[in-house]
Amino acid sequence: MVFLHERDPGNQAEAHVSELVRTAHSGAKPEVSLAALDAVITGDEWASLTDATRSLVGAEVVRLSVTLVPTPFTLREIDDANRVVARYRTLPDGGRHGAARDAMIGTLEGWLGGLKTANDREARIALLGLELAVAEGNDTTSIATRLATERLEMARAIEEAWPVDALGFLAEEPRDPNGVPEAGKILARLVEQPALLVDAGTDVDAWLVSVPADDPQRKAVEAQRELGRATKAEDDAESDAAQMVAKLAKRPWDQWLVVRLASADLGTGDIAAAEKRLKALGAPGLMIRDATFLLGRVALAQGQLEEADQLMSGLLGSRLQRFLAANARLESAAKFAQDRLVAQLRSPNPPADLQRKVEAAPEAERGAIVQAWLVEAMNSDPEIQNRRAVLMTYGEVVPASIAAGTIKLRRAQALGGAPHDAMLADAERAFLAVRTAATGQPEFHLGLGEIYARLGKTAESDAELAGVLDRKDPELELRVAQVYRAIGNEKRAIDVAKHVQATPGNAPAIQQLAAAVLSVMAKSEDEREAWLRKADPHSPSVKTGLLEIEGRRLMQRGKRSECDKKFAEAARLTLKDALPTDHVAHNNAALATQQRFQCTGDIAMLRQAEAALETAYRGATDQPILIANLAGMLRTNADLRVLAKRVDVAALRLTSDEASSLVQALLAGPDRAALLAELEKDAGWRRSAELFEQYAVLAPASPMYFYDAFDRVVRTRDPAMARTFIEKLLAAKTLDTSAANEALARRRSGSDDAEREARLVGDAARDDEILAGKLDAHTRAAALFRQADSQNAYGVAFNHPDLIAGASAARREAVKLWPSLSLRTAITLGLVDEAGNSADGAGWAKLRRDRGAATALAKLVAAKDPLAAKILAAPSWTAAITELRTLGSRPDIDDLVLARLVGDATVIAWASAVKQDVVARTKLDATARFIPDDPSTAEMRAILDEN
């Protein structure tokens, strides 16, 4: 017989949950049991459980989370403790009482019991802080007293070497009564250092409110801090280096000026000068945080990894725990505000003005109106603003943590055996330090997957992300796709996002979001538009994406003013409802502003874009895509700066690729030494290299760092740099080169011919417009150089003999106007294209889809193809031989290929010098790695290796 109470849903839920708890206790895998309990907590059963059962569930979640923390517990495991407590805090109210709270406090006390020595004091402070937060509402007096005592002792232990950090320990609540006079002792030292008083921020305020207003020391501290603030504001507005030096002579305590000047030294490559300035300030504990961070960068630039590690790790100190606590308080305030606002929206009496707007709007726009209202209300919430302001005072914590992890990873790569493993573990902890996701939650596993990829633990990374995918939650699947994109594996990201978008059972909103994700990884303009058309048409990011496509198409049609308006509107719309912390929106707005330069040639747009992207970077220094964008922008702007000394870059409106090509042509000519020196002194050029190094660690599957490094090798022609580069490239086992291979496949198939032709037609119209204007000789030469490249590409691909011939003429004219341009190889290869096209335009175009002109002809000759004889009989081939025989510049591999076809001993001897060129060999090795399907690489390598 089945009794009635056994059918009761509450009793059934109690029985089911009790069985889950028993199973977890029996030794089931913690991750599996946590997932099962999570399903209960977030499901319908939770409401049917008694308070006692809910607390048992919470206690079991704590116990399972604790099993994932290494033992014995030390300072190294503080991050794990933070995540266990974060996991506890994610429990609903009923799960954080009774047995659950007892389990959490008991766990923290157990860890504290194992920390006995003075060296464990920092760990004890962190654990007591967590315990105090957990015990809120209970009797916290004892915990608060212990915590205040530990902080006082910690301050006394470090105040000599780290006075500002010591002041921070004394400022935090709860405070020991003896903390006020102790802080006074510290401030007596700092009062002659206004920069340190400003850097101490609100920690000084905590002391000020504890002493009488008429206290002489208080008055002195207040006056000196105001002096510091006024000085900092003055320094921020100063741009003249000589003035900064003069001001520093009058106020040697002005550390902000020291940082500015040392940054300038570092930007121009004078590392020794930067180090000397910074070290003159004294020990790291007597420096403002910006100075310590910069000194870490100096040590890193000198290859002093251990010193750099100590500086970056020391910079974190106790501030890491304060950052995490401030972040938790901000998240709590944001959740509280959001819940309150959502309840207000769902109430019978929502805000009248909002209701009127919604009722007056079309149905399709109402959701966006409500979302905009919610964002604005949260942005203006005083509690959120205050807590965000506090969090921003710890602005150096995230970049210092990322820098520390990166340095530890580099140190690990130089070690072996147990030291390597230990350093790798330290790197992992440094990367994880600022992650606030709770143990066992999907967000934690997403973070682990990303970090394992950075550490080279590919199998572990894939396993973590596969575990999240196994949950079959489309929202989580999209987040996995975004992690893959962040680490540079776009192929995997695209595969996952396409699966989400194409799965019929997924909600339309999820499919639309997947389409938006796919649009940012599209390989062509048409593909990008197709995905955006499948995304949510009311989404601001979709609207701005379509605006930018319109802008680029208007630019191709020569409608420059309309183009500019589209990108200006895209930037405005991107930022319209963005939170100040929305780095993605600020990144996208900066990129849209950068594109306005292509429309109008307004140099101010480049400066605005760089400044905006720099601001976004400072708020999100761990975001690889943003870092890559900033690095690329700094690099391009450096090219434009050195070119601006020689040509009118505003008139030319050069793209990044065009600016790079023009720089390469000049570096191959007589102005090489001067131009290279200017580049190496350019702060943006040098910093872009540092950022790409940082990006390489954060996105190890992306080839972008290697593209940049390869270009630097080609520009400098440094054999040692080339060898180091190729060693790194060949050691990178997880590079995603699918994009380059796919581009080659599309070119072979002709699938992107229509889009390519439209772009080339637009380029031609732009160049015609520019050349019709009044230009100085060098600017006209640069315009002709660019026109020749696009004309030749258009003529070869689409069988236009007149354009190929026009390209050759344009190159010759460019060299006459500006002899510094080295175009001998380009002219020679252009003549080969003329010969190939005259022999069989369609056949030559097909052959040239995946080969250069020299290797295409060599392939025909080797195959004894009848077309080869026609090409070698063409007048243009004779002209190419004449050009080749001028021996007018440094030979490259194409020259050697053509020299072998000519058979002239003198030319072959000249061209054979490339066989000993380390950089030339590096080019082939890099191409083979970047584009594995390139058919000509192996053939050219065989030519180089011939005796």
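Residues numbered from 1 in each chain as written. Predicted model: local features only at pLDDT ≥ 70, side-chain atom pairs only at ≥ 80, totals over all residues. Heavy atoms only, no water.

### Observations regarding the packing of helix H46 (residues 824–847) against helix H47 (residues 853–862)
Two numbers describe a pair of packed helices, the interaxial angle and the distance between the axes. Their axes nearest at 10 Å, the elements H46 and H47 cross at an angle of 60°. Between H46 and H47, the angle falls in the class oblique. The hand of the H46/H47 crossing is left-handed. Each of Leu-829, Val-832, Asp-833, Trp-844 and Leu-847 in H46 lies in contact with H47, whose residues at this interface are Ala-853, Ala-854, Ala-856, Leu-857, Lys-859 and Leu-860. Class assignment of the residues belonging to the contact of H46 with H47 gives a composition of 9 nonpolar, no polar and 2 charged. (Axes fitted to C-alpha atoms, helices over the stretch in contact; angles between N-to-C directions. Helix = DSSP H or I, 4+ residues; strand = E, 2+ residues; numbered from the N terminus. Parallel < 35°, antiparallel > 145°, perpendicular 65-115°, else oblique. Left-handed = near helix turned anticlockwise from the far one by under 90°. Contact = heavy atoms within 4.5 Å. Nonpolar A, V, L, I, M, F, W, Y, C, P; charged D, E, K, R; others polar.)

### A few points about empty space enclosed by the protein
Enumeration according to the criterion identifies 4 cavities of 30 Å³ or more in this entry. Lining the largest cavity are 13 residues, and of these Trp-162, Asp-165, Met-287, Arg-289 and Leu-315 lie nearest its centre. Taken together, the elements giving at least two residues each to the lining of the largest cavity come down to helix H9 (163–171), helix H17 (289–301) and helix H18 (305–316). Its residues assigned to classes, the lining of the largest cavity comprises 6 nonpolar, 3 polar and 4 charged. Each pocket or cavity is described by its volume, and for the second largest cavity that value is around 80 Å³. What lines the second largest cavity is simply Leu-167, Leu-170, Ala-171, Arg-175, Asp-176, Gly-179, Val-180, Ala-183, Asp-203, Ala-206, Trp-207 and Ser-210. Elements supplying a minimum of two residues to the lining of the second largest cavity: H9, helix H10 (179–190) and helix H12 (202–208). (1 Å grid on protein atoms, 1.4 Å probe; cavity = no way out; pocket = protein on both sides within 12 Å on 5 of 7 lines; lining within 4 Å. Points joined across faces, edges and corners; volume = space filled by probe spheres on them.)

### Notes on helix H5 (residues 78–89)
The terminal C-alpha atoms of H5, which comprises 12 residues, lie 16 Å apart, in line with the 16 Å expected from a rise of 1.5 Å per residue. Taken across its 12 residues, H5 has 11 buried, putting it largely inside the fold. Within H5, burial applies to Ile-78, Asp-79, Asp-80, Ala-81, Asn-82, Arg-83, Val-84, Val-85, Ala-86, Arg-87 and Tyr-88. (Expected span 1.5 Å × (residues − 1). Buried < 20%, exposed > 50% of the residue type's maximum accessible area, 1.4 Å probe, protein only.)

### Some thoughts on helix H32 (residues 560–576)
Here H32 is 17 residues long and its end C-alpha atoms lie 24 Å apart, about the 24 Å a rise of 1.5 Å per residue gives. If you check which residues of H32 are buried, you get Cys-563, Asp-564, Phe-567, Ala-570, Ala-571, Leu-573 and Thr-574. Its buried side turned inward, H32 meets helix H31 (540–556) and helix H33 (583–600).

### Digging into the pattern of salt bridges
What the rule picks out here adds up to 79 salt bridges. Arg-63 is paired through a salt bridge with Glu-60; the nearest N and O atoms lie 2.6 Å apart. Note that Arg-63 and Glu-60 are positioned in helix H4 (residues 51–66) at a spacing of 3 residues, about one turn of the helix. For Glu-150, the salt bridge identified is with Arg-124, shortest N-O distance 2.8 Å. Of this pair, Glu-150 sits in helix H8 (residues 141–158) while Arg-124 sits in helix H7 (residues 121–134); the two residues are 26 residues apart in sequence, bridging distant segments of the chain. The pair Glu-150 / Arg-124 is uniform in exposure class, with both members buried. One continuous salt-bridge network, built from bridges that share partners, spans Glu-234, Asp-235, Glu-238, Lys-247, Arg-251 and Asp-254. (Salt bridge = Lys/Arg side-chain N within 4 Å of Asp/Glu carboxyl O.)

### So, the environment of Ala-530
Assignment of secondary structure puts Ala-530 in helix H30 (residues 525–534). Distance from Ala-530 to Trp-207, taken between C-alpha atoms, is 60 Å for residues 323 residues apart in sequence.

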